[in-house]
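Structural description and commentary
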Amino acid sequence: MTKSILCILLLFCVSIATAQKDFEKSLDSVQTLDDVTIFLKKNKTAKGKVIVFNREKHNTRMADRIFSMRVGAKRTFGDAPQKTYYKVIEKYAIPYYRVSVVYLDGNKISKSEINAIRSKVISKYNEGYMFKDLARQYSMDNSAKQGGDIGWFTEGDLHPEFERQIIDGNYRADDIFTIDVPETNSFYVALMTYDKRLIEEAKVLKITEPRK
């Protein structure tokens, strides 16, 4: 290999290293979600987005490492030629709720039928029947397959009237109650399966450095 080719290769490597340092330095200046928006506009060739990690929903090794990082810290995962950075922008804890439901569709059955089924479900539950079995038998949507469990949710995830009745009700685990959402003609028997829980979340900028 000639000396001139070696010089070209050396200059190329130096150029890449300098570009990587400049990109990392620019990334270090990102502190807020507004900074993220500006950063992504300036670095349009870099693939980036903000993702949310939830302590309860994301039980992975990567999530554990993310939650161990302080706000403002960044790191890479893996050894790909193009580095992908994960930078923690925000960390906080917000209230989450979890219920199982028997959903009854008011477009398909009458209100009197709905009231009769709800009374039967509540009576059977109080007699000792498992709620998940009652949901599989009576619920009229896909949540029946999970025994009525709709998973953890926070305010803004579901229909606001459905959420309001759970949040304002101050229910505790094992409380059973009804929910009416007239706007969608939806009616429920709901079982609070956990107490309200503060769950940690982290907003993280995931970005892959641009191609050289």
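Residue numbers here run from 1 along each chain, matching the order of that chain's written sequence. The predicted nature of this model means local features are confined to residues of pLDDT at least 70 and side-chain atom pairs, given and counted, to a pLDDT of 80 or more, with totals for whole chains, interfaces and linings taken over all residues. As a convention, hydrogens and water are excluded, and side-chain values are obtained from all of the structure's heavy atoms.

Let us now look at the overall build of the protein. Per the convention used, a helix needs a DSSP run of H or I reaching at least four residues, while a strand needs a run of E reaching at least two, with both numbered from the N terminus. In terms of helices and strands, the protein carries 6 helices and 7 strands. Only protein chains enter the calculation, and the probe is 1.4 Å; a residue is then buried if its accessible area is under 20% of its type maximum, exposed if over 50%, and partly exposed in between. Scored against the burial criterion, the 212 residues of the protein give a buried share of 35%. When checking whether two residues touch, look at their non-hydrogen atoms; a contact exists if any pair is within 4.5 Å. Sequence-distant contacts in the protein: of pairs separated by 6 or more residues, those separated by 24 or more amount to 65%. Surface accessibility of the protein: about 12,800 Å² in total, with carbon and sulfur atoms responsible for 51%. In short, Shrake-Rupley with a 1.4 Å probe defines the accessible areas, and a residue's cover is counted only from the protein chains shown.

Where burial is concerned, most of strand E6 (residues 186-192) is hidden: 7 out of the 7 residues are buried. Covered by surrounding structure in E6 are Ser186, Tyr188, Ala190 and Met192 together with Phe187, Val189 and Leu191, the residues of both alternating faces. At least two DSSP bridges between two strands are required for those strands to pair. In this structure, strand E3 (residues 84-105) lies alongside E6, joined through 7 bridges in antiparallel fashion. Of the residues in E6, the one forming a bridge with Leu104 is Phe187. Pairing analysis gives 6 bridges linking strand E5 (residues 176-181) to E6, with the strands arranged antiparallel. Counted as the bridge partner of Ile176 is Leu191 from E6. Here E5 folds back onto E6, and the loop between the two strands holds 4 residues, one of which, Asn185, carries a positive phi near 60°.

What follows is about the side chain of Asn43. The topology assignment puts Asn43 in the loop between helix H2 (33-42) and strand E1 (47-54). In this structure, Asn43 is in contact with Phe23 and Ser26, ignoring residues within four places of it in sequence.

Within the fold, Gln82 resides in the loop between strand E2 (74-76) and E3. According to the relative accessible area criterion, Gln82 is partly exposed, its value standing at 25%. Measuring from C-alpha to C-alpha, the distance between Gln82 and Glu209 comes to 6.2 Å, with 127 residues separating the pair along the chain.

Next up on the list: the packing of helix H4 (residues 111-127) against helix H5 (residues 131-138). A fitted line through C-alpha atoms serves as each axis, taken over the contacting stretch for helices, and the angle formed by two N-to-C directions is quoted from 0 to 180°. For the pair H4 and H5, the least separation of the axes is 10 Å and the interaxial angle reads 155°. Classed by the angle they form, the pair H4 and H5 counts as roughly antiparallel. Crossing geometry of H4 relative to H5 is assigned as right-handed. Contact with H4, carried on its side by Ile117, Lys120, Val121, Lys124 and Tyr125, involves Phe131, Leu134, Gln137 and Tyr138 of H5 and no other residues of that element. Just so you know the grouping, Ala, Val, Leu, Ile, Met, Phe, Trp, Tyr, Cys and Pro go in nonpolar, Asp, Glu, Lys and Arg go in charged, and all remaining residues, Gly too, go in polar. Partitioned by chemical class, the residues of the contact of H4 with H5 number 6 nonpolar, 1 polar and 2 charged. Any angle from 65 to 115 degrees is called roughly perpendicular, while one under 35 is roughly parallel, one over 145 is roughly antiparallel, and all others are oblique. A crossing counts as left-handed when the near helix is turned anticlockwise from the far one by less than a right angle, and as right-handed when that turn is clockwise.

That's the geometry; what it means functionally is another story.
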